[in-house]
Amino acid sequence: MSSNKQVVLVTGAGSGIGKLSAQSLAQAGHIVYATMRDVEGRNKPRADEIRAWASANDAQIFPLELDVLSQASADAAVAAIVKQQGRLDVVMHNAGHLVIGPSEAFTPEEFIKVYDTNLFGALRVNRAALPQLRGQQSGLLLWISSTTTKGGFPPFMGPYGSAKAAMDSVAVTMSYELTRFGIETSIVVPGAFTRGTDHFPTAGKPADQKTVDAYHRYDGVMDKVGERLTALTPDDADPQGVADEVVRIVSLPAGERPPRAVIDYVNDGAAEVIEVQERVRIDFAKRIGIDDLLQAQVVV
């Protein structure tokens, strides 16, 4: 049980890392709002499952409607949390969607949809939550990034990888802009998981099958990548490890949370790249006189 009880909003909490993190945070004693869209419709079974789990585990976890594609929905969710709890301490940006296919085959509109969920959705939630956090002069933005933004990057993940990279860049930029309001930033960087989440099984595909077919000489490449990733993944690799790191970060006292944490069982090189990147970022911040805006720790 955490002595540092936080009120936490988790986006995309219906499955995968979001659900595991929401439940683990609640088990640690935090007050958690497991948000997802359509809680009274398509996702009602998932919401009911969370309610049953909360009752069975005597945990404070509440399903809540939040469609990251809608600013009105984000505003309403944050308002409901603040009305019930009087505050909001942590926003966990987890909602996302993977798509796989040749980049050429995705129309610009399909690219935009991927960005809408993986990037713009977080920005909508921020616009809803940050006035509250700034008013409190405290809080934590916890972003779920991906090692594809820094380490090994398989082919045929262009829309997803570029959207995640954009989100990661925004998270870094906002970390500077929020420190003087007492708002911390932590970027959790999971590696690839070929089991334990619905990430790959529910991945979207481009509608332009004609262009997909034009890439037939690459047939089997993604299957081979998946097989190799599975072979490289140790038996104990589990997305629960990401959830455990989320709990650790949220439960730390303000001022002690790391800007980054990598959970990569495949070792695709992201940790090494981040170590260099953070060293360069800190050095440059000192050179241009904004080192007071940096957080103290770097964990990779």
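The sections below set out a description of the structure shown in this document. (Residues numbered from 1 in each chain as written. Predicted model: local features only at pLDDT ≥ 70, side-chain atom pairs only at ≥ 80, totals over all residues. Heavy atoms only, no water.)

## Regarding the packing of aromatic side chains
Counted by the stated rule, this structure contains five aromatic pairs. Their ring planes at 85° and their centres at 6.2 Å tell us that Phe-106 and Phe-111 sit as a pair that is edge-to-face. With relative accessibility at 6%, the residue Phe-106 sits in the buried group. A residue is classified by how much of its surface remains accessible, and Phe-111, at 23% relative accessible area, is partly exposed. An aromatic cluster of three or more residues is present, and its members are Phe-156, Tyr-215 and Tyr-218. (Phe/Tyr/Trp six-rings, centres within 6.5 Å; stacked < 30°, edge-to-face > 60°. Buried < 20%, exposed > 50% of the residue type's maximum accessible area, 1.4 Å probe, protein only.)

## Focus on the pairing of strand β2 (residues 31-36)
With six of six residues buried, β2 lies mostly within the body of the structure. With burial as the criterion, each face of β2 is covered, one bearing Ile-31, Tyr-33 and Thr-35 and the other bearing Val-32, Ala-34 and Met-36. As for the winding sense of the linkage, the β-α-β connection from strand β1 (residues 7-10) through helix α1 (residues 16-27) to β2 is right-handed. Where β2 and strand β3 (residues 61-65) come together, five bridges link them in parallel fashion. Following the sheet pairing, Thr-35 is matched in β3 by Leu-64. (Helix = DSSP H or I, 4+ residues; strand = E, 2+ residues; numbered from the N terminus. Right-handed = clockwise from strand over helix to strand, strands pointing away. Pairing = 2+ DSSP bridges.)

## Brief notes about the packing of helix α3 (residues 71-85) against helix α4 (residues 108-136)
Packing of α3 against α4 leaves a shortest axis separation of 8 Å and a crossing angle of 30°. Of the two elements, α3 crosses α4, and the hand of that crossing is right-handed. Contacts between α3 and α4 pair Gln-71, Ala-74, Asp-75, Val-78 and Val-82 from the former with Arg-124, Val-125, Arg-127, Ala-128, Ala-129 and Gln-132 from the latter. Considering only residue class, the contact of α3 with α4 consists of six nonpolar, two polar and three charged. (Axes fitted to C-alpha atoms, helices over the stretch in contact; angles between N-to-C directions. Left-handed = near helix turned anticlockwise from the far one by under 90°. Contact = heavy atoms within 4.5 Å. Nonpolar A, V, L, I, M, F, W, Y, C, P; charged D, E, K, R; others polar.)

## A closer look at α3
If you check α3, its first and last C-alpha atoms are 21 Å apart, about what 15 residues at 1.5 Å a residue would give, namely 21 Å. Among the residues of α3, those classed as buried are Ser-73, Ala-74, Ala-77, Val-78 and Ile-81. On an axial view of α3, the arc spanned by its buried residues comes to 130°, and they lie on one face. For α3, the exposed residues set more than 90 degrees away from the buried face come down to Ala-72 and Lys-83. Turning to α3, the residues buried within the fold contact β1, β2, β3 and α4. The residue sitting at the N-terminus of α3 and contributing the capping side-chain oxygen is Ser-70; that oxygen lies 3.4 Å from the backbone nitrogen of Ala-72. (Expected span 1.5 Å × (residues − 1). Arc of directions from axis to C-beta. Polar contact = N/O pair within 3.5 Å; in protein donor to acceptor, adjacent residues only side chain to side chain.)

## A look at the sheet that holds β2
One open sheet holds the seven strands; their spatial order is β3-β2-β1-β4-β5-β6-β7, and the pairing between them is parallel. Either end of the sheet is taken by a strand with one partner, and the two such strands are β3 and β7 (260-263). Strand-to-strand, the axes of this sheet are offset by a mean angle of 20°, without reference to chain direction. Contacts from α4 reach β1, β4 (90-93), β5 (139-144) and β6 (183-190) within the one sheet, and its direction differs from that of β5 by about 165°. Against the sheet, helix α9 (residues 270-287) engages β6 and β7, with an angle of about 165° to β7.

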